[in-house]
Amino acid sequence: MPEAPRDSTKDYVLEEKNKKILDFIEDVTNNADEVQNKVLSEILSRNANVEYLRRHGVNGQTVDRDTFKRLLPVITYEDIQPDINRIANGDKSPILTTKPITEFLTSSGTSGGERKLMPTIEEELGRRCILYSLLMPIMSQFVPDLEKGKGMYLMFIKCESKTPGGIVARPVLTSYYKSPYFRDRPYDPYTKYTSPNETVLCPDSYQSMYSQLLCGLCQHKEVLRVGAIFASGFIRAIRFLEKHWTLLCNDIKTGTINNSITDSSVREAVMRILKADPKLADFIHNECSKGSWQGIITRLWPNTKYVDVIVTGTMAQYIPTLDYYSNDLPLVCTMYASSECYFGVNLNPLCKPSQVSYTLIPTMCYYEFLPVNRSNNELAASRPSPTSLNQAQQEELVELVDVKLGQEYELVVTTHAGLYRYRVGDILRVSGFKNKAPQFSFVCRKNVALSIDSDKTDEVELQNAMKNAVTHLEPFDAHVSEYTSYADTTTIPGHYVLYWELNLKGSTPIPPCVYEDCCLTVEESLNSVYRQGRVSDKSIGALEIKIVEQGTFDKLMDYAISLGASINQYKAPRCVKFAPIVELLNSRVTSNYFSPKCPKWVPGHKQWIHQN
């Protein structure tokens, strides 16, 4: 993960900078409640006259915490979507904040099949960079001398669009990479990367990946840490290397760049690093041509001390693959953030992935926590829950310093950029405390059934997609009697798998093309984040339907009952993750089919495209 730049000085004393940042963490965690009170007061005093607050009875005056909680409801995105749409369509009046909305950050969560638009103001970029600035001083306590080398971080921009009102809408990291905070960062030994800015900012994903790996290989001895944002993205980079290493070796051997790299700024930036080095090319060739790619990270980049990727939540499914490629290097999760706001940091970054917890930094926003009680079965997180809260539930919300160890909560935030008592949708468990500030482990994303990369598909959306797909079976007098789904990450990129048990009444065989049409219809019915992953980002593979034998779901029920499930309450799961269940399903597959092409997708929201 990239770190925030610090002020450039002639006498750059790293130890003093690190101490100052670590002292800041001590101070804000020791005074967490006071800081939280100040944050809320600042937000409310600045925005006291905005339309949203006046609508809820604030009446232009700064209010205290209790009054704020009494007047302001706890909300979801759908509650403020009309206000978001007004801003997106060009309304410049102070609806959510007195500061102008400078851009929308597109969330990977979806609303009505589209990315959510999170409002942000200019100063928020600086606030996010403050959290970046904490990361390496924390890491330096555990891994010394990181300032003496470089990080090979694979960083990419994604598609952006403009709302009808002319406001840019793009992912939060695209916003950061395109900002002066990243492009024009002053000297900092912790922000030395093998990838030139031009390679990061190249919009062509192939050229960006190729050139970043090429630069990383050229500087292989300088690399002390490697990473990407998500574990899935880093593994895609390794698989890209598996496919293209001969081309990369040739470039290094000859000191020239492959003709497939056509972006002139990328070519110029790479040529400042690339020199003919037949010895290095031979070394890479020897390592990559071996039968096994186990430990390829430490073989090609021998000084690497850790892998910096997110492996919590749905990304945990990639841990075995990362361990295989990295020779069990530490997998480091440094920070916890979302499009709505950046939240916290991992103060024990070398811990095992299963033990990762984040200390929420009290200055980032005003936090509240809604207690949740989940059942122990694997589907608890994927069952839809009510979006609105009654009065008693609203009164259950607790402050940052009042959460209880071991209790699970849904995160609720009030931000400087105009979100008030907003339900983020993340379920967190209190795992400890740093002074007076709690530490949380990430449990799950509420209502998410399937996820490969940044996509999030819930059970309701999957059911609707199924309804659309099975219409292709009707002419053959066939229907799906039972189904479930699985996020298969054994392939790169990973892909969704649907297991179908059919009830066949007709005598006419169903041609393979019909099942392929079913695959495509499911994909066409899923949200825009999924479809972008298929079409633009290439981070999700083609959806697969596996037909299973008659009686398979009876076997599934028998297995669940053998583990203690109640026969009276058993319901076939719509998403499976437990390895023995997946093995049972796969053992009874009779045929399988893939989507024959990518679903339709274009940048921007459907309503914008229609207006244009």
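Under the annotation held in an unreviewed UniProt entry, the protein carries the name Indole-3-acetic acid-amido synthetase GH3.6 and is attributed to Glycine soja. UniProt lists a comment for the protein under the heading Sequence similarities (unreviewed entry), and it reads "Belongs to the IAA-amido conjugating enzyme family."

Asks: Whenever I open this one, the overall build of the protein confuses me. Can you help?
Replies: The helix and strand tally for the protein stands at 22 helices and 22 strands. The principal-axis extents of the C-alpha atoms in the protein amount to approximately 80 × 70 × 55 Å. For the protein, the residues scored as buried account for 56% of the 612 residues in total. Partitioning the intrachain contacts of the protein with sequence separation of at least 6 by distance along the chain shows that 72% fall at a separation of at least 24. Surface summary for the protein: the accessible area is close to 25400 Å², and the carbon and sulfur share equals 49%. Each charge sign in the protein was given a centre, from 67 positive and 71 negative side chains, and these centres are 3 Å apart.

Asks: Is there a simple way to explain the pattern of salt bridges in this structure?
Replies: It is possible for side chains bearing opposite charge to pair when their charged atoms get close. With the rule as written, the count across this model stands at 33 salt bridges. When the shortest N-O distance is used, the salt bridge between Arg 65 and Asp 33 registers 3.2 Å. Here Asp 33 lies in helix α2 (residues 32–46) and Arg 65 lies in helix α4 (residues 65–71), a separation of 32 residues in the sequence. With relative accessibility at 14%, the residue Arg 65 sits in the buried group. According to the relative accessible area criterion, Asp 33 is partly exposed, its value standing at 31%.

Asks: Teacher, can you tell me more about the packing of aromatic side chains here?
Replies: The geometry of two aromatic rings is summed up by the distance between their centres and the angle between their planes. Tallying each qualifying case throughout the model produces 20 aromatic pairs. Residues Tyr 153 and Tyr 193 carry aromatic rings whose centres are separated by 5.8 Å and whose planes lie at 80° to one another, so their mutual orientation is edge-to-face. Residue Tyr 153 is located in strand β3 (residues 150–153), and its partner Tyr 193 is located in the loop between α8 (180–183) and α9 (197–200); the two are separated by 40 residues in the primary sequence. Accessibility expressed as a relative area gives 1% for Tyr 153, which makes it buried. Tyr 193 gets classed as buried once you look at its relative accessible area, which sits at 8%.

Asks: What's the story with the sheet that holds strand β20 (residues 495–504) in this structure? I'm lost.
Replies: Within a beta sheet, neighbouring strands are joined by backbone hydrogen bonds and run either parallel or antiparallel to one another. Ordered in space as β19-β20-β21-β22, the four strands form an open sheet in which the pairing is mixed. The sheet terminates laterally at β19 (478–488) and β22 (589–594), the two strands that pair on one side only. Each strand axis lies, on average, 25° off the axis of its neighbour in the sheet, ignoring direction. Relative to β20, β19 runs antiparallel, the two sharing 10 bridges. By the bridge assignment for β20, Asp 488 is matched with His 495.

Asks: So what exactly am I meant to see when it comes to the confidence of the model for the protein here?
Replies: Parts of the prediction with low pLDDT should not have their coordinates interpreted in detail. Of the residues in the protein, 92% reach a pLDDT of 70 or more, and the chain-wide mean stands at 88. Helix α22 (residues 606–611) is the least confidently modelled element of the protein, averaging 57 in pLDDT, while helix α14 (residues 296–300) averages 96, the highest of any element. Here residues 1–11 is modelled with pLDDT under 50, and outside its nearest four sequence neighbours on either side it reaches 47 contacts, counting other chains as well. Low pLDDT, under 50, characterises residues 376–385; the predicted model gives this stretch 27 contacts beyond four residues in sequence or across chains.

Asks: Would you take a moment to explain the domain arrangement of the protein for this structure?
Replies: Reports of interface size often rely on the accessible area that becomes lost once the parts have come together. With domains assigned, the protein is organised as domain 1 (22–122 + 335–445), domain 2 (144–304) and domain 3 (448–594). Taken together, the contact pairs nine residues of domain 2 with 10 residues of domain 3. It is Lys 158, Arg 236 and Arg 239 that lose the most area in domain 2 upon contact with domain 3, and together they represent 56% of the buried surface on that side. Put simply, domain 2 and domain 3 have two salt bridges between them. At the surface where domain 2 touches domain 3, the tally comes to two residue pairs in polar contact (both at pLDDT 80 or more). At five residues, the largest contribution of residues to the side of domain 2 that touches domain 3 is made by helix α11 (residues 231–254). Here the side of domain 2 that touches domain 3 is built from residues that sort into three nonpolar, three polar and three charged.

Rules used throughout
Residues numbered from 1 in each chain as written. Predicted model: local features only at pLDDT ≥ 70, side-chain atom pairs only at ≥ 80, totals over all residues. Heavy atoms only, no water. UniProt positions renumbered as here; feature names shortened; annotations may be inferred. Helix = DSSP H or I, 4+ residues; strand = E, 2+ residues; numbered from the N terminus. Buried < 20%, exposed > 50% of the residue type's maximum accessible area, 1.4 Å probe, protein only. Contact = heavy atoms within 4.5 Å. Areas by Shrake-Rupley, 256 points an atom, 1.4 Å probe, with all protein chains shown as cover. Lys, Arg positive; Asp, Glu negative; His and termini not counted. Charge placed at Lys NZ, Arg CZ, Asp CG, Glu CD. Salt bridge = Lys/Arg side-chain N within 4 Å of Asp/Glu carboxyl O. Phe/Tyr/Trp six-rings, centres within 6.5 Å; stacked < 30°, edge-to-face > 60°. Pairing = 2+ DSSP bridges. Axes fitted to C-alpha atoms, helices over the stretch in contact; angles between N-to-C directions. pLDDT = per-residue confidence, 0-100. Domains from an automatic or database assignment. Buried area = accessible area lost by both parts, 1.4 Å probe. Polar contact = N/O pair within 3.5 Å; in protein donor to acceptor, adjacent residues only side chain to side chain. Nonpolar A, V, L, I, M, F, W, Y, C, P; charged D, E, K, R; others polar.

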